[in-house]
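What follows is each chain in one-letter form.
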Amino acid sequence: MSAHIDHIERINPHLNAIVQFRPDAALAEARALDAQRARGEIVGPLHGVPFTVKDYMAIPGLISTFGTLGLAQNVMQHECEIVARLRRAGGVALGLTNMPEFGVAIETDNLIYGRTNNPYDLDRFPGGSSGGESAIIAAGGSPLGVGGDSGGSIREPAHYCGIAGLKMTTGRIPRTGLLLAPSGALAFKSQNGPMARYVEDLALGIQILAGEDGRDPHVVPMPLLDPAQVDLKALRVAYYTDNGIVSCTPEIVTMVHRAAAAFTDLGVPTVVEAPPPNVSKSLDLYLRLSMAPGATAARAGLQALGTTQMSDFYTAMLPLLEQSDNLSAADFLNLTEEWDQFKADMLAYMRDYDIIVSPTTSIPAMPHRSSLTNQTIMQSFTYCSLYNLVGYPAATVRGGTSPENLPIGVQVAARPWREDLVLAAAAYLERTLGGYQKPSLSWLSNA
């Protein structure tokens, strides 16, 4: 714990990744766990392991803001279920990590804490909305974290920062106690999951996080299957490099082909370039669903929270929200029926395949604030958001390096409840393609 705290105190002033830090409390908990271990008492699989979580996960005594000014002094009095499960497993919370306002941007920047920087290049963003989480893990400040993912917010920053991240099947993890937790019909798009430098730590994380809690009505009591029992050579693999919405850089295309070739080299009989059905229509459907509540409801929510000034990134979303202000109940019902058909078409496609290999995004990490004006950057998340629409488990693991010496990730997805297939395939690609590569942190010596 002391080593992690010392390292965070060196790197965080440059990254601005951890925004609520509890070093004294963490050390006290670590000392208590040391004493228990000396007595032969092991709390659980994370006994003494530090962890961080995104700034909308409640830790008592810490300010949780969701990145919006109205909650800048919002001290939490309760503990969310995700944090409680990590602590029951013996984990020790280091603090909360930065995120964009309401998690709606691919850049981690807000009016309370400012921007988070990518540890591979401080002039570039680490992704969003779990950007603080990915940056601190990549730089060695935290070995394990939990993010939230409504359109790629775990997998995108994992790609930009070269770590591993898993969005679990919708209904795997309780969202009980999260600040402004997703609810209602549109909550289906959102799910949490672990983030770490290595896939084996994701596999440990889901064992701790998954399962019903008797309070979240969206959680399904499905068993977890063991990735170690997966026969990789029996997998039927589909892959694609272009979703018809935004094209990827040549290096990302090459990396996905390398990933597909790795399965061929293993002796997998079915490795087919076959994009999912209607994938080019996924952005339109995702946006119409996400914007369905409308700008009037969004402004009312801001007023209720006391937010009178919004970040540039959230402000940029309001024109899209305004398009849905006159959406009728009948229109919304038709939209949900269209959504169901999209899911059904995807399930039919998955009858022929066990996993899908694809890009995570179309680009490597870009300069700060570039997403405000660049349409390509704005659309880069669509390789991830497809799996939010259908609720599938999907993981990202580093598969290569861009010409700018930045990480690029490869994404693996499977049908619902088959995290075992995702993790087994991602671990194989991690071994084959190289996985996490430590950033040089040369900016420490240049400071």
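Refer to the structure printed above.
What comes next is a walk through the structure.

**Regarding the layout of surface pockets**
- Of the volumes computed, that of the second largest pocket is approximately 210 Å³.
- As for the second largest pocket, its lining consists of Asp284, Leu287, Arg288, Met291, Leu320, Gln323, Ser324, Leu327, Asp331 and Leu335.
- Contributions of two or more residues to the lining of the second largest pocket are made by α8 (282-290) and α12 (329-350).
- With 3 residues, the top contributor of residues to the lining of the second largest pocket is α8.
- Taken together, the residues of the lining of the second largest pocket break down into 5 nonpolar, 2 polar and 3 charged.

**Focus: the pairing of strand β8 (residues 191-196)**
- Counted residue by residue, β8 has 6 buried out of 6 residues, so it is predominantly covered.
- When strand β7 (residues 164-167) meets β8, the two strands line up antiparallel, connected through 2 bridges. In the sheet register, Ala164 faces β8, and the bridge partner there is Ala196.

**A word on the packing of α8 against α12**
- Axis separation between α8 and α12 bottoms out at 11 Å; the angle between their running directions is 140°. With respect to their mutual orientation, α8 and α12 come out oblique. Two packed elements cross with a definite hand, and for α8 against α12 that hand is left-handed. Contact residues: α8 offers Ser282, Leu285, Arg288 and Leu289, while α12 offers Leu335, Glu338, Trp339 and Phe342.
- Of the residues belonging to the contact of α8 with α12, the class tally is 5 nonpolar, 1 polar and 2 charged.

**So, the environment of Leu302**
- Locating Leu302 in the fold gives a position in helix α9 (residues 294-305).
- Along the chain, Leu302 and Ser402 lie 100 residues apart, while their C-alpha atoms are 39 Å from each other.
- In this structure Leu302 touches Thr68, Glu101, Phe102, Thr307, Met310 and Tyr314, once residues within four positions along its chain are discounted.

**Regarding the pattern of salt bridges**
- If you walk through the whole model with that rule in mind, you get 19 salt bridges.
- A salt bridge links Arg88 to Glu81; its shortest N-O distance comes to 3.0 Å.
- Residue class for Arg88 comes out exposed when judged on its relative accessible area of 51%.
- In this structure, Asp340 and Lys343 form a salt bridge, with 3.7 Å as the shortest nitrogen-oxygen distance. Of this pair, Asp340 and Lys343 both sit in helix α12, 3 residues apart, which is roughly one turn of that helix.
- Since its relative accessible area comes to 19%, Lys343 is described here as buried.
- Three or more residues are tied together by salt bridges with common partners; here these are Glu81, Arg85, Arg88, Asp213 and Arg215.

**A word on the nonpolar core**
- Core analysis: the biggest nonpolar cluster contains 139 residues, and Leu86, Phe263, Ile355, Tyr387 and Leu429 have the highest contact counts within it.
- The element best represented in this core is helix α15 (residues 419-433), accounting for 10 residues.
- Those residues in contact with Phe263 that sit more than four places away from it in its chain are Leu235, Val237, Val268, Val271, Ile355, Val357, Ala425, Tyr428 and Leu429.

**Looking at helix α14 (residues 382-390)**
- The buried fraction of α14 is high, at 9 of 9 residues.
- Three or more residues of α14 are buried, namely Thr382, Tyr383, Cys384, Ser385, Leu386, Tyr387, Asn388, Leu389 and Val390.
- Positive backbone phi, at 75°, marks Gly391, one or two positions downstream of α14.

**Observations concerning the sheet that holds strand β11 (residues 355-359)**
- If you trace the 11 strands from one edge of the open sheet to the other, you get β1-β3-β2-β6-β8-β7-β12-β13-β11-β9-β10, paired in mixed fashion. The sheet is open, and its two borders are formed by β1 (18-21) and β10 (270-273), each paired with just one other strand. Neighbour to neighbour, the strand axes of the sheet diverge by 25° on average, direction disregarded.
- Of the pairings in the sheet, the one linking strand β6 (residues 144-149) to β8 comprises 6 bridges and is antiparallel in character. When the sheet's bridge partners are listed, Gly145 is paired in β8 with Met195.
- Contacts from helix α2 (residues 23-38) reach β1 and β3 (92-97) within the one sheet, and its direction differs from that of β3 by about 160°.
- Where helix α7 (residues 250-266) meets the sheet, its contacts fall on β9 (236-239), β10, β11, β12 (394-401) and β13 (407-414), and the angle it forms with β11 comes to roughly 155°.

**Looking at the pairing of β6**
- Burial analysis of β6 places 6 of its 6 residues in the buried class, which makes it a mostly covered element.
- Burial of β6 is two-sided: the residues Leu144, Val146 and Gly148 facing one way and the residues Gly145, Gly147 and Asp149 facing the other way are all buried.

**Let's talk about helix α1 (residues 2-15)**
- Its 14 residues give α1 an end-to-end C-alpha distance of 19 Å, which sits within 8% of 20 Å, the value for a rise of 1.5 Å per residue.
- The largest bend in α1 comes to about 35°, at Glu9, with the proline Pro13 one to four residues further on.
- When we look at burial in α1, the residues that qualify are Ile5, His7, Ile8, Ile11, Asn12 and Leu15.
- A positive phi of about 55° marks Asn16, the residue just after α1.

**So, the packing of aromatic side chains**
- Applying the stated criterion across every chain yields a total of 10 aromatic pairs.
- Ring plane angle 55° and centroid distance 5.1 Å describe the contact between Phe102 and Tyr314, whose orientation is recorded as tilted. Note that Phe102 is positioned in the loop between β3 and β4 (109-110) and Tyr314 in helix α10 (residues 312-315), a separation of 212 residues in sequence. The burial state of Phe102 is the same as that of Tyr314; both residues are buried.

Basis of the calculations
Residues numbered from 1 in each chain as written. Predicted model: local features only at pLDDT ≥ 70, side-chain atom pairs only at ≥ 80, totals over all residues. Heavy atoms only, no water. 1 Å grid on protein atoms, 1.4 Å probe; cavity = no way out; pocket = protein on both sides within 12 Å on 5 of 7 lines; lining within 4 Å. Points joined across faces, edges and corners; volume = space filled by probe spheres on them. Helix = DSSP H or I, 4+ residues; strand = E, 2+ residues; numbered from the N terminus. Nonpolar A, V, L, I, M, F, W, Y, C, P; charged D, E, K, R; others polar. Buried < 20%, exposed > 50% of the residue type's maximum accessible area, 1.4 Å probe, protein only. Pairing = 2+ DSSP bridges. Axes fitted to C-alpha atoms, helices over the stretch in contact; angles between N-to-C directions. Parallel < 35°, antiparallel > 145°, perpendicular 65-115°, else oblique. Left-handed = near helix turned anticlockwise from the far one by under 90°. Contact = heavy atoms within 4.5 Å. Salt bridge = Lys/Arg side-chain N within 4 Å of Asp/Glu carboxyl O. Core = buried A, V, L, I, M, F, W, Y, C linked by side-chain atoms within 4.5 Å. Expected span 1.5 Å × (residues − 1). Bend = angle between axes of the 7 residues up to and from the residue. Phe/Tyr/Trp six-rings, centres within 6.5 Å; stacked < 30°, edge-to-face > 60°.

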